[in-house]
Amino acid sequence: MNSDARYARLTANLCGFAAALMLLVLATSAFIRIEHNGCTNIAFPATLTLMSRAMHRVSASSVGLLLIAISFFVLRCRPVVGSRNVLLALLWVLTVFLAVLGRFTSGSVVPAVVIGNVIGGMALAALFWRLRLEFVPRESYQRPERALSKLASTARSVAAFQVWIGSWVAGLIAEIDCKALTSAGKLALWPDVATWKALNPTRIYSAGNADLLRAVNWLSAVHVAVALVLLATVVMLCGRLRHSGGGLNRTAPVLLALLALQLLLGMATIIAGRAVLIGVLHNIVAALLLVKLIDVDYRLHRS
């Protein structure tokens, strides 16, 4: 094996490890966020909270160190591929953004900060995996019919949109007392002017603000509706993948398992409230589902 092949293999492994490590960052971040505003059914000891914060810092710092190593090998690999350099630049921009956001907004409950952390973390995990795919041997891919490629792209886009809506819900909930979530009254089919204003992710409200509570409920309803669209799209995609070649037929059961688990966690959130374990798992599985759909979409489009 020549040096370029070794660099490519090592880079792919490092990118995969960095993506996995980002799941730990997302998990600890979700635990800190949910536990911080009282959204737990269990009184966790202070030691566990401190450990989760320490683990969050260590894992986030480790991702930064991995990115430095990945950058070295990506720049050493030949031939030079423009898409790899673009992905590397995006990784650096996003990493610096999250580092600055975490440094200067620690403990903030402004929804925009929570949205930035959740979306940024999931995007970083997805980008690491996407860069990894650049170094996987070309023989692992296939170019199927055009309709299947479009369906995969649609599923990926719907999943990304769902992550955005979910992070928005999490950002608004971070401002309120979880015990007040049931006092918002009936959910209107269409929000009024006050509810629209409450959706502003840069505003700060009182813990029991009724408009904010209605905004959370309305946005949660949108989240459920998009989940149904994602369900239909992924099921159709998996049905088509079962009859495709190139090894992607084995991907369908994995996608369906992740989708089923995510839907169960979503329903558990509705029934049991913002239990910390359910919230953490909901974040992790969302990231896994998004990464897997990006993986399938890339494999289908690469010739």
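As a reminder, the structure under discussion sits directly above these lines.
Residues numbered from 1 in each chain as written. Predicted model: local features only at pLDDT ≥ 70, side-chain atom pairs only at ≥ 80, totals over all residues. Heavy atoms only, no water.

Asker: Is there a simple way to think about the pattern of salt bridges in this case?
Answerer: Close approach of charged atoms allows side chains of opposite charge to pair. For the coordinates displayed, the defined rule picks out three salt bridges. Residue Arg130 is joined to Glu134 by a salt bridge in which the shortest nitrogen-to-oxygen separation is 2.8 Å. The class of Glu134 is buried, set by a relative accessible area of 7%. (Salt bridge = Lys/Arg side-chain N within 4 Å of Asp/Glu carboxyl O. Buried < 20%, exposed > 50% of the residue type's maximum accessible area, 1.4 Å probe, protein only.)

Asker: I keep staring at the packing of helix α7 (residues 210-241) against helix α9 (residues 276-301) and nothing clicks. Help me out?
Answerer: Two measures define how a pair of helices packs: the angle their axes make with one another and the distance between the axes. Contact geometry for α7 and α9: axes closest at 13 Å, N-to-C directions at 40 degrees. Our classification of the angle between α7 and α9 gives oblique. Considering the relative orientation of α7 and α9, their crossing is left-handed. Contacts from His223, Leu230, Val234, Leu237 and Leu241 in α7 reach His282, Leu289, Leu293, Val296 and Leu300 in α9. For the contact of α7 with α9, the residue count by class is eight nonpolar, two polar and no charged. (Axes fitted to C-alpha atoms, helices over the stretch in contact; angles between N-to-C directions. Helix = DSSP H or I, 4+ residues; strand = E, 2+ residues; numbered from the N terminus. Parallel < 35°, antiparallel > 145°, perpendicular 65-115°, else oblique. Left-handed = near helix turned anticlockwise from the far one by under 90°. Contact = heavy atoms within 4.5 Å. Nonpolar A, V, L, I, M, F, W, Y, C, P; charged D, E, K, R; others polar.)

Asker: Looking at this structure, how should I read the packing of helix α4 (residues 111-133) against α9?
Answerer: Where α4 contacts α9, the axes come no closer than 10 Å and their chain directions differ by 35 degrees. Crossing angle aside, the handedness with which α4 passes α9 is right-handed. Here Val118, Met122, Ala125, Ala126, Trp129, Arg130, Arg132 and Leu133 of α4 come into contact with α9, specifically with Asn283, Ala286, Ala287, Val291, Ile294, Asp295, Tyr298 and Arg299. Looking at the contact of α4 with α9 residue by residue, the classes come out as 11 nonpolar, one polar and four charged.

Asker: Would you mind showing me how to read the packing of aromatic side chains here?
Answerer: For any pair of aromatic rings, geometry is given as the distance between the ring centres together with the angle between the planes. Under the criterion given, the structure shown has three aromatic pairs. On the numbers, 5.2 Å between centres and 75 degrees between planes, the contact of Phe72 with Phe73 is edge-to-face. Note on Phe72: relative accessible area 41%, which makes it partly exposed. Phe73 gets classed as buried once you look at its relative accessible area, which sits at 15%. Taken together, the ring pairs in this structure connect Phe161, Trp164 and Trp168 into an aromatic cluster. Positioned above the aromatic ring of Phe135, the side-chain terminus of Arg84 is 4.1 Å from the ring centre. Over the ring of Trp129 we find Arg132, and its NZ or CZ is 4.5 Å from the ring centre. (Phe/Tyr/Trp six-rings, centres within 6.5 Å; stacked < 30°, edge-to-face > 60°. Lys NZ or Arg CZ within 6 Å of the ring centre and 35° of its normal.)

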